[in-house]
Amino acid sequence: MARVSAAVGVLCSLGYWGWDTPDEEAAFGENMKLVQGGEENYLAIKRDAVAEVWDPSLGQYNFGRYLRPPQKGSTHLLTAAQMYSQHKEWHWSGFSNEEMIVGVAVLQFGYASHAIMYYHNLTSGSSDKKQYEVLLLGRALGATFLDEKENPSTLTNGCSNWTSGATITQCYSSDDNTLQISAEGPLASGSNINLKMTFDLADDDSLSFIYPLGKRRPAIVSKLAGLSAKASLSIDGVENQHMTGLGMVDWTRSIAARFTKWNWAAFNFRASSGERIGIQLSSGVYEDSKKNGVESCLFIDGKLTALDSLITFQKPQPENFLTQRWNVSSSDGVISYTFTPRDRVYGSFHLYVLEGDLHHFWGTVSGTITTGSKVFHFSDVPSVIEEHYAIW
């Protein structure tokens with residue numbers, strides 16, 4: 001995500017009134033008070049998917065956490081200013097095995113849209129990456145998420161696409177219960193990538209939730225990790241390899257809070273005892289009244305364990321982000337590991353009423369996951385980690 005042009009800042013400052021709509025943010029620490037049934041009801045994970053994110057008959061959101069994504073992911077009707085300045089969507093998919101990590105992402109911020117694709121071979125050291133962006137007309141010419149009016153649920157049947165300078169598709173299919181991902185286009189080196197991935201959703205749980213950023217300001221999120229996956233990667237027409245491994249997904253649609261800050265991490269590995277292990281962790285966003293994150297999760301052979309604890313990211317100073325290790329742990333002792341960065345994509349914008357910095361790193365992790373009496377040890381496992389800050 002390159003530095004956004006001044007024109008974006010001008011237009012967004014002209015539309016700044018959009019932040020003063022009736023769909024106001026919750027006061028700091030008051031989010032859980034907006035949930036029908038209170039915080040305890042919110043944290044209880046429901047097995048069945050909610051039919052609709054927004055219930056028009058009741059005029060309210062179905063805030064809560066679920067093992068399955070919502071059948072309809074539409075928000076209530078938003079103003080043009082909200083769509084341009086507040087409505088955010090992103091869809092990241094990552095694949096990894098013992099020697100490779102691959103990632104693609106499509107991001108839609110209204111006034112700008114972005115795409116990222118990268119690969120890194122831990123054995124050979126070969127890697128490449130590319131960031132794309134479309135300013136001002138991003139919603140029309142860059143990232144497109146499935147038309148909510150036609151089929152609101154991109155989480156169960158539909159696609160997130162990128163079409164400017166490269167082609168990225170991430171398509172869910174309820175027919176065979178898979179996520180099909182493809183990416184084709186030039187990378188930073190000038191080489192062309194052709195990537196295809198298939199994630200088998202099977203009967204794996206997700207952590208899907210609707211979080212109250214305000215009474216009428218939802219964050220709609222679906223997390224998956226440890227999915228059985230296959231991938232093929234070719235560079236400049238030379239087939240690199242057909243690979244088997246594990247897949248991860250982070251899908252979000254939100255009427256975003258004006259100020260947003262987070263750390264996030266995800267990785268997969270197959271345990272020495274054979275289990276498929278997947279992890280997604282976060283801090284600084286989507287929290288309960290005790291400041292514990294509600295989106296951190298562990299998957300073992302597709303079964304979800306919510307990690308409702310405080311996740312701590314001990315990180316180096318920004319100038320050392322790429323050269324020093326990070327330490328990540330949970331307050332309940334379940335998670336403890338170090339992250340060694342290999343590379344990143346970085347985006348920054350500081351314009352008028354907008355500013356932000358995003359560091360998306362990939363590298364390796366080593367540490368432990370403790371569940372009950374069982375301890376999973378892992379070493380040099382491919383992983384991603386993020387540092388994000390925005391006033392947007």
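Predicted, not measured: the structure shown is a model, and the values here were computed from it.

Conventions adopted
- Residues numbered from 1 in each chain as written.
- Predicted model: local features only at pLDDT ≥ 70, side-chain atom pairs only at ≥ 80, totals over all residues.
- Heavy atoms only, no water.
- Helix = DSSP H or I, 4+ residues; strand = E, 2+ residues; numbered from the N terminus.
- Buried < 20%, exposed > 50% of the residue type's maximum accessible area, 1.4 Å probe, protein only.
- Contact = heavy atoms within 4.5 Å.
- Pairing = 2+ DSSP bridges.
- Axes fitted to C-alpha atoms, helices over the stretch in contact; angles between N-to-C directions.
- Patch = residues over 30% accessible without salt bridge, like charges linked within 9 Å, V, L, I, M, F, W, Y side chains within 5 Å.
- Areas by Shrake-Rupley, 256 points an atom, 1.4 Å probe, with all protein chains shown as cover.
- Salt bridge = Lys/Arg side-chain N within 4 Å of Asp/Glu carboxyl O.
- Lys, Arg positive; Asp, Glu negative; His and termini not counted.
- Charge placed at Lys NZ, Arg CZ, Asp CG, Glu CD.
- Phe/Tyr/Trp six-rings, centres within 6.5 Å; stacked < 30°, edge-to-face > 60°.

Chemist: Tell me about the overall build of the protein, and name the residues and values.
Modeler: Within the protein, the regular secondary structure consists of 4 helices and 25 strands. Counting all 392 residues of the protein, 57% fall into the buried class. The long-range share in the protein, meaning contacts at least 24 apart out of those at least 6 apart in sequence, stands at 58%.

Chemist: Can you tell me about the pairing of strand S6 (residues 100-108), naming the residues and giving the values?
Modeler: Most of S6 sits inside the fold, with 9 of its 9 residues counted as buried. Burial of the side chains of S6 extends over both faces: Met100, Val102, Val104, Val106 and Gln108 are buried on one face and Ile101, Gly103, Ala105 and Leu107 on the other. In the sheet, strand S5 (residues 87-96) pairs with S6 via 8 bridges, with the strands oriented antiparallel. Bridge pairing links Phe95 to Val102 in S6.

Chemist: Help me get a handle on the sheet that holds strand S23 (residues 335-351), residues and values and all.
Modeler: Within the open sheet, the 9 strands sit side by side as S20-S19-S18-S17-S25-S24-S23-S22-S21. Their pairing is antiparallel. Looking along the sheet, the strands with just one partner apiece sit at the ends: strand S20 (303-306) and strand S21 (311-314). Recorded for the sheet is a direction-independent mean angle of 20° between the axes of neighbouring strands. As paired strands, strand S24 (residues 354-371) and strand S25 (residues 374-391) are joined by 16 bridges and run antiparallel to one another. Bridging from a neighbouring strand, Ile369 pairs with Phe376 of S25.

Chemist: Pulling in residues and values, what's your account of a negative patch on the surface?
Modeler: A cluster of acidic side chains, namely Asp175, Asp176, Asp200 and Asp203, defines a negative patch on the protein surface. Relative to the helices and strands, Asp175 is located in the loop between strand S11 (167-173) and strand S12 (178-186).

Chemist: Tell me what's going on with the packing of aromatic side chains, and back it up with residues and numbers.
Modeler: Evaluation of the coordinates by the stated rule reveals 21 aromatic pairs. Both rings, one in Tyr84 and one in Tyr111, keep their centres 6.3 Å apart while their planes meet at 65°; by these two values the pair is edge-to-face. Taken together, the positions of Tyr84 in helix H3 (residues 80-85) and Tyr111 in the loop between S6 and strand S7 (112-121) put the pair 27 residues apart, joining distant regions of the chain. On the basis of relative accessible area, Tyr111 is assigned to the buried category, the value being 2%. Taken together, a centroid distance of 6.4 Å and an interplanar angle of 90° make the contact between Trp326 and Phe339 edge-to-face. Of this pair, Trp326 sits in strand S22 (residues 326-330) while Phe339 sits in strand S23, and the two are 13 residues apart along the sequence. Looking at Trp326, the relative accessible area reads 0%, which means it is buried. Look at Phe339 and you get buried, because its relative accessible area is 0%.

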